[in-house]
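What the coordinates show
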Amino acid sequence: MMKLKIKSGDVVKVIAGDHKGAEGKVLRVLREKNKAVVEGVNLVSKHTKPSAKNPQGGIVKKEAPIHISNIALIDPKTKSATRVGVKVEGDKKVRISKKSNQVL
């Protein structure tokens, strides 16, 4: 399992695949599969039967996971996709942007 530098709550941009160029917030990170669920990206249609929770049933749009290698973190300063590095400050590790060298 590789070290993931993207956390839930980060704003990311899709850099490869069908949804290239789309931006959204990371809702969930699936560490075992090296995937992340991004808000509004990689929507799939799921057909559901009527139930107590959803009495109407029908087709529901849902976000599917996308591989970590296909997304890049957006630098808050430059508003563009950037790589993420790790820097030791004192006794803590912090994530930094490779473009602006700013703490994320």
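Fair warning: this is a prediction, and the values are worked out from it, not measured in the lab.

Section: the layout of surface pockets
Considered as a void within the structure, the largest pocket measures approximately 260 Å³ in volume. Surrounding the largest pocket, Lys-3, Leu-4, Lys-5, Ile-6, Lys-7, Val-29, Arg-31, Val-86, Lys-93, Val-94, Arg-95 and Leu-104 form its lining. Here the element with the most residues in the lining of the largest pocket is strand 10 (residues 92-97); it accounts for three residues. For the lining of the largest pocket, the per-class residue count stands at six nonpolar, no polar and six charged. The volume enclosed by the second largest pocket comes to roughly 210 Å³. Contributing to the lining of the second largest pocket are twelve residues, with Lys-5, Ile-6, Ile-68, Ile-71 and Val-84 lying nearest its centre. Counting residues per element, the lining of the second largest pocket draws most heavily on strand 7 (residues 71-74), at three residues. Here the lining of the second largest pocket is built from residues that sort into eight nonpolar, one polar and three charged.

Looking at the UniProt feature "domain: KOW" (unreviewed entry) in the chain
Here the UniProt-annotated "domain: KOW" (unreviewed entry) positions come out as residues 5-32. The span residues 5-32 carries 0% helix and 43% strand; its end-to-end C-alpha distance comes to 14 Å.

Some thoughts on unusual backbone geometry
The phi angle at Asn-42 is positive, at roughly 60°, despite the residue not being glycine. Among the structural elements, Asn-42 can be located in the loop between strand 3 (35-38) and strand 4 (43-48). Here Asn-101, not a glycine, exhibits a phi torsion of approximately 55°, which is positive. On the secondary structure map, Asn-101 appears in the segment after strand 10. Residue Asn-101 is classed as exposed on the basis of its relative accessible area, which comes to 52%.

Re the pattern of salt bridges
Tallied over the entire structure, the rule returns one salt bridge. Taking the shortest distance from any N to any O, the salt bridge between Arg-95 and Asp-10 comes out at 2.8 Å. You can see Arg-95 sitting in strand 10 and its partner Asp-10 sitting in the segment before strand 1 (11-14), a full 85 residues away along the chain. For the pair Arg-95 and Asp-10, a shared accessibility class is recorded, and that class is buried.

A short note on the environment of Ile-71
Its place among the elements puts Ile-71 in strand 7. In this structure, the C-alpha to C-alpha distance between Ile-71 and Ser-100, residues 29 residues apart in sequence, is 18 Å. Setting aside residues no more than four positions away along its own chain, Ile-71 makes contact with Ile-6, Val-12, Lys-13, Val-14, Ile-15, Ala-36 and Ile-66.

What counts as what
- Residues numbered from 1 in each chain as written.
- Predicted model: local features only at pLDDT ≥ 70, side-chain atom pairs only at ≥ 80, totals over all residues.
- Heavy atoms only, no water.
- 1 Å grid on protein atoms, 1.4 Å probe; cavity = no way out; pocket = protein on both sides within 12 Å on 5 of 7 lines; lining within 4 Å.
- Points joined across faces, edges and corners; volume = space filled by probe spheres on them.
- Helix = DSSP H or I, 4+ residues; strand = E, 2+ residues; numbered from the N terminus.
- Nonpolar A, V, L, I, M, F, W, Y, C, P; charged D, E, K, R; others polar.
- UniProt positions renumbered as here; feature names shortened; annotations may be inferred.
- Buried < 20%, exposed > 50% of the residue type's maximum accessible area, 1.4 Å probe, protein only.
- Salt bridge = Lys/Arg side-chain N within 4 Å of Asp/Glu carboxyl O.
- Contact = heavy atoms within 4.5 Å.

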